[in-house]
Amino acid sequence: MTQFGLRTLFASICTPRWFLSSLWLLLLCTVGFCSNALGKLPSGAEQSAREGEFWTRIADANVIYIGETHDSRRDHEYELALIRSMIRSRMHFAIGWEMFDRTQQCELDRSSERRLSLAELLARTGFEKSWGTYSPLYARILEATAQARVRNIGLNAPTTLAHKVAKGEPLSPKEKKQIPKEFRVPAGAYQHFVQLLGEHPEMNQSDLPRFFAAQNLWDQTMARTILEIEEKNVTTKLLVLTGRGHVQGGFGIPNYVRQKSSAKQLVLLP
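So, how was this worked out
Residues numbered from 1 in each chain as written. Predicted model: local features only at pLDDT ≥ 70, side-chain atom pairs only at ≥ 80, totals over all residues. Heavy atoms only, no water. Helix = DSSP H or I, 4+ residues; strand = E, 2+ residues; numbered from the N terminus. Contact = heavy atoms within 4.5 Å. Areas by Shrake-Rupley, 256 points an atom, 1.4 Å probe, with all protein chains shown as cover. Phe/Tyr/Trp six-rings, centres within 6.5 Å; stacked < 30°, edge-to-face > 60°. Buried < 20%, exposed > 50% of the residue type's maximum accessible area, 1.4 Å probe, protein only. Salt bridge = Lys/Arg side-chain N within 4 Å of Asp/Glu carboxyl O. 1 Å grid on protein atoms, 1.4 Å probe; cavity = no way out; pocket = protein on both sides within 12 Å on 5 of 7 lines; lining within 4 Å. Points joined across faces, edges and corners; volume = space filled by probe spheres on them. Nonpolar A, V, L, I, M, F, W, Y, C, P; charged D, E, K, R; others polar. Pairing = 2+ DSSP bridges.

### Things to note about the overall build of the protein chain
Summing up its helical and strand segments, the protein chain has twelve helices and six strands in all. Put simply, of all contacts in the protein chain between residues at least 6 apart along the chain, 81% involve residues at least 24 apart. Here the protein chain has roughly 12500 Å² of accessible surface; of this, 52% comes from carbon and sulfur atoms.

### Topic: the packing of aromatic side chains
What the rule picks out here adds up to nine aromatic pairs. With centroids separated by 5.0 Å and ring planes inclined at 85°, the aromatic side chains of Phe-54 and Trp-55 adopt a geometry described as edge-to-face. Ring centres of Trp-97 and Phe-100 lie 5.5 Å apart, and the angle between their planes is 75°; this geometry places the pair in the edge-to-face category. Residue class for Trp-97 comes out buried when judged on its relative accessible area of 0%.

### What about the pattern of salt bridges?
Going through the model one piece at a time under the given rule, you end up with nine salt bridges. The residue Arg-73 makes a salt bridge to Glu-77 at a minimum N-O spacing of 3.1 Å. Here Arg-73 pairs with Glu-77, and both are found in helix α4 (residues 73-88), just four residues apart, close to one helical turn.

### Focus: empty space enclosed by the protein
Space left empty within the atom packing is revealed by a probe, the size of a water molecule, rolled over the atoms. Applying the stated rule across the entire model yields two cavities of 30 Å³ or more. In this model, the second largest cavity occupies a volume close to 30 Å³. Among the residues making up the lining of the second largest cavity, the classes are represented as four nonpolar, four polar and no charged.

### Observations regarding the pairing of strand β4 (residues 152-156)
Counted residue by residue, β4 has five buried out of five residues, so it is predominantly covered. Pairing analysis gives four bridges linking strand β3 (residues 93-101) to β4, with the strands arranged parallel. Of the residues in β4, the one forming a bridge with Ile-95 is Asn-152.

In structure tokens, the structure reads:
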């Protein structure tokens, strides 16, 4: 199954609409340098020290996160513009996707090697019917990276596994091995998660630990994949496309990466 994000995951297990709308207000996750000022790509009129600072930060970072709002065309235009600029600058980088999971890496590699067309990639991964519904610009990013031979990497856990965790279903021995155990959930993370959801009379409090576990499964799996990439490709910069809820607020992916690595991380918020 493809990635639908928390919205579709919790909708699929009959979560009330108030929860879905509230969830996307979460400000979970960030560490290292983060600046809204750097979140705006300098335009032609901004040939200044600010533009120089922006690209210095990009050049210095090992891992760059773009915290997007999934249905924001503006955010996707930002991502595409930055990627094209990095390609023109001949930066050596790969793109890590929240929207693809680790089991889909074979298809992504075949696409990067031009042995699989974009249409075939989207069909085989189910992307067109899931994440593709948010924006057609995802496909344009994949086209641009394929033409430039920039590798695309699936960071996430399989949706089927996240579904089981969120619903509290028993896991097979193989599935249990996919649950990261090497990270420490930071103090206050659960309380922060619950606080930002707010108080709602329809909310079943007993569901929250499972939902939090599913969120951590995503964050920790993506962090694990990033760490593996950094270890094997120390000279390759990684640009991560993910939702804001995974990289903003002091928790989430960058926090888990920092627990195991001194890699320089940069969070950009369009």
